[in-house]
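# Understanding the architecture of this molecule
Spelled out, the chains give:
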2 protein chains.
Amino acid sequence: MKTLKVPEATITRLSVYSRFLEQLERKGIVTVSSVEIAEGVGVGPAQVRKDLAYFGEFGTRGVGYNVKDLMRYTRKILGIDEPWPLILVGAGNLGFALSAYKGFNERGFSIVGVFDNDQNKVGKKINNLEVSPLKKMPEIIAEYNVKIGIIAVPQYAAQEIADLMVKNGLQAILNYAPVALNIPDNIVLRNVDMSVKLETLTFNLSRKEA
Amino acid sequence: MKTLKVPEATITRLSVYSRFLEQLERKGIVTVSSVEIAEGVGVGPAQVRKDLAYFGEFGTRGVGYNVKDLMRYTRKILGIDEPWPLILVGAGNLGFALSAYKGFNERGFSIVGVFDNDQNKVGKKINNLEVSPLKKMPEIIAEYNVKIGIIAVPQYAAQEIADLMVKNGLQAILNYAPVALNIPDNIVLRNVDMSVKLETLTFNLSRKEA
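Residues numbered from 1 in each chain as written. Chains lettered and ligands numbered in written order. Predicted model: local features only at pLDDT ≥ 70, side-chain atom pairs only at ≥ 80, totals over all residues.

### Here we look at the overall build of chain A
The helix and strand tally for chain A stands at nine helices and nine strands. In terms of overall dimensions, chain A has a C-alpha envelope of 60 × 50 × 35 Å along the principal axes. When burial is assessed residue by residue, chain A has 42% of its 210 residues classed as buried. Taking the intrachain contacts of chain A between residues at least 6 apart in sequence as the baseline, contacts between residues at least 24 apart amount to 56%. (Helix = DSSP H or I, 4+ residues; strand = E, 2+ residues; numbered from the N terminus. Buried ≥ 20, exposed ≤ 12 C-beta atoms within 10 Å, placed from the backbone. Contact = placed C-beta atoms within 7 Å.)

This is the structure in structure tokens:
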């Protein structure tokens, strides 16, 4: 699919719209307006229309969008109309939390391998998956044709794990360790900084008080 | 401080720049250009300049920005030039992971109370804090003058906890439960959907293959 260069913020919002449309669909709602989507997710209606316009023409004037069609289409744009197997490295608290996160499955993601180099963790069950030693990574990646890896290890170990993922052919990495990783340009990398969202709260709270 | 209406995406990036500046400062780097900041965090240099321009004039042409000054200023803008005590509800895996997350402390956040209504969890230690029953929430909020609460409970319990937080005077909520909460307009609410970042990966991977 060829598209204009789409801003990252649009992709992020598209994911949020898509999740909201799923909620509507589960409630049996058939059509929705851009105003309703906007209110449901907390952005302006013009933003919703602008974001969707990157990908074509949707909706009927005065009627709105068909919930099921738009939901399917947003999933297709996001690349989650097919399932994605993932591997996760790091069987600490964060690794457990991510493995147990129901939101992943709902969006077509399934964790097919959890790895750790700590001998006390290897062999333990984490959400029905046994924690494997790092050396088993190539086998699992090949078996499930995995392209995405999640890093949930401490800061000091993150670069080494990223190198290992790249060496084993992964094409995308989601990094939860609070450190900037060196990764070849052809690998898609996103970092999750858990304090970023907190800082959008404090930004707003500080403004309220001023 | 009065400012123009600042886009949420700018605040998010400002938080990322601020973290990057901290890394530079720890390495003893004195000045930095917008190009270097841009490369360090993976956005365009024009974006860096545009984001900073919302808050005034920084830097010297041909010299760049003073790392320490800009770091301090970004922290001030984000409202984290002072420490923020937080409470956390939900002592499951995610609660444990969040309590252990070193990135919070580095940014001035400290979790001063962890709550759960599960009798098996109350009394357990989570990162040197004892898990308290929900009824102790008002006491801790008053003692530490807490304004921000984090929700890390399952989906079905999230609205009830949000209501309790609002009733107890919190002004901002960070919600990790994958559900849309009903919250009064004067409360600042942000939702963390752990699958959103994954979907920016799959979006890019799908494009690469097309």
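Further notes follow.
### Side note on the relation of the copies chain B and chain A
By a simple turn and slide, chain B fits onto chain A: the slide is 0.0 Å along the axis, the RMSD is 0.0 Å, and the turn is 180 degrees. The relationship between the two copies is best expressed as a two-fold rotation axis. Residues of chain B ranked by C-alpha distance from the rotation axis are headed by B:Asn93, positioned 2.7 Å from it. (Least-squares fit on C-alpha atoms with pLDDT ≥ 70 in both.)

### What to know about the packing of helix α1 (residues 8–26) of chain B against helix α4 (residues 67–77) of chain B
Two quantities define a packed helix pair, namely the angle between the helix axes and the distance between the axes. Residue and element names in this part refer to chain B. Put simply, α1 and α4 touch, their axes get as near as 9 Å, and they point 145 degrees apart. Considering how the two elements wind past one another, α1 and α4 form a crossing that is left-handed. Residue-level inspection shows Leu14, Tyr17, Ser18, Leu21, Glu22, Leu24 and Glu25 of α1 in contact with α4, the latter providing Val67, Lys68, Leu70, Met71, Thr74, Arg75 and Ile77. Of the residues in the contact of α1 with α4, the class split is eight nonpolar, two polar and four charged. (Axes fitted to C-alpha atoms, helices over the stretch in contact; angles between N-to-C directions. Left-handed = near helix turned anticlockwise from the far one by under 90°. Nonpolar A, V, L, I, M, F, W, Y, C, P; charged D, E, K, R; others polar.)

### Quick word on helix α4 (residues 67–77) of chain A
Residues A:Val67, A:Leu70, A:Met71, A:Tyr73, A:Thr74, A:Arg75 and A:Ile77 constitute the buried set of α4(A). Downstream of α4(A) by one or two residues, A:Gly79 has phi in the positive range, about 80 degrees.

### Section: the interface of chain B and chain A
At the junction of the two partners, chain B supplies 51 residues and chain A supplies 51 residues. Of all the secondary structure elements, the ones that give two or more residues to the side of chain B that touches chain A are α1, α5 (93–100), α6 (102–106), β8 (172–175), β9 (188–191) and α9 (196–209) of chain B. The element best represented in the side of chain B that touches chain A is α9(B), accounting for 11 residues. Of the residues in the side of chain B that touches chain A, the class split is 29 nonpolar, 13 polar and nine charged.

### A word on the nonpolar core
Within the largest apolar cluster, 124 residues are counted, with the highest numbers of intra-cluster contacts made by A:Ile151 and B:Ile151. Non-local contacts of B:Ile151, meaning those with residues more than four positions away in its chain, are made with B:Val89, B:Gly90, B:Ala158, B:Ile161, B:Ala162, B:Ile173, B:Asn175, B:Tyr176 and B:Ala177. (Core = buried A, V, L, I, M, F, W, Y, C linked by C-beta atoms within 7 Å.)

### Let's talk about the sheet that holds β8(B)
All names here are of chain B. Across the sheet, which stays open at both edges, the seven strands sit in the order β5-β6-β4-β3-β7-β8-β9 with mixed pairing between neighbours. Only two strands of the sheet have a single partner each, and these edge strands are β5 (125–126) and β9. Sheet analysis places strand β7 (residues 148–151) next to β8, joined by four bridges and oriented parallel. By the bridge assignment for β8, Gly149 is matched with Ile173. Strands in contact with helix α8 (residues 158–167) are β3 (84–89), β7 and β8; relative to β7, the strand with the most contacts, it is inclined by about 170 degrees. (Pairing = 2+ DSSP bridges.)

### Considering the sheet that holds strand β9 (residues 188–191) of chain A
Judged by pairing direction, the sheet is mixed, and its seven strands sit side by side in the order β5-β6-β4-β3-β7-β8-β9 (chain A) without closing on themselves. Strands at the two margins of the open sheet, each flanked by one partner only, are β5 (125–126) and β9 of chain A.

### Observations concerning the packing of helix α1 (residues 8–26) of chain A against helix α2 (residues 34–41) of chain A
All names here are of chain A. Between α1 and α2, the shortest axis-to-axis distance is 10 Å and the interhelical angle comes to 100 degrees. For the element pair α1 / α2, the angle class is roughly perpendicular. From α1, Val16, Tyr17 and Phe20 reach across to α2, where they touch Ile37, Gly40 and Val41. Considering only residue class, the contact of α1 with α2 consists of five nonpolar, one polar and no charged. (Parallel < 35°, antiparallel > 145°, perpendicular 65-115°, else oblique.)

### Overview of the domain arrangement of chain A
According to the domain assignment, chain A contains domain 1 (8–77) and domain 2 (84–191). Between the C-alpha centres of domain 1 of chain A and domain 2 of chain A there is a distance of 31 Å. (Domains from an automatic or database assignment.)

### Notes on unusual backbone geometry
Residue A:Asn128 is not a glycine yet carries a positive backbone phi of 70 degrees. Here A:Asn128 shows up in the loop between β5 and β6 (129–132). Of note, the phi angle at B:Asn127 is positive, near 55 degrees, even though the residue is not glycine. By the C-beta count within 10 Å, which is 13 here, B:Asn127 ends up partly exposed.

### Description of the pairing of β6(A)
All names here are of chain A. Here strand β4 (residues 109–115) pairs with β6 via two bridges, running parallel. Residue pairing in the sheet places Phe115 in a bridge with Ser132 of β6. Sheet analysis places β5 next to β6, joined by two bridges and oriented antiparallel. Its bridge partner lying in β6, Lys125 is registered against Glu130. Joining the antiparallel neighbours β5 and β6 is a turn of two residues, in which Asn127 adopts a positive phi near 55 degrees.

### Remarks on the confidence of the model for chain A
Per-chain confidence: chain A averages 89 in pLDDT, with 97% of residues scoring 70 or above. Reported confidence for the predicted complex is 0.86 by ipTM and 0.80 by pTM. (pLDDT = per-residue confidence, 0-100.)

### What about the environment of A:Tyr73?
Residues and elements named next belong to chain A. By the secondary structure assignment, Tyr73 is in helix α4. According to the C-beta neighbour criterion, Tyr73 is buried, with 20 such atoms within 10 Å. Sequence spacing of Tyr73 and Phe20 is 53 residues, and the spatial spacing of their C-alpha atoms is 13 Å.

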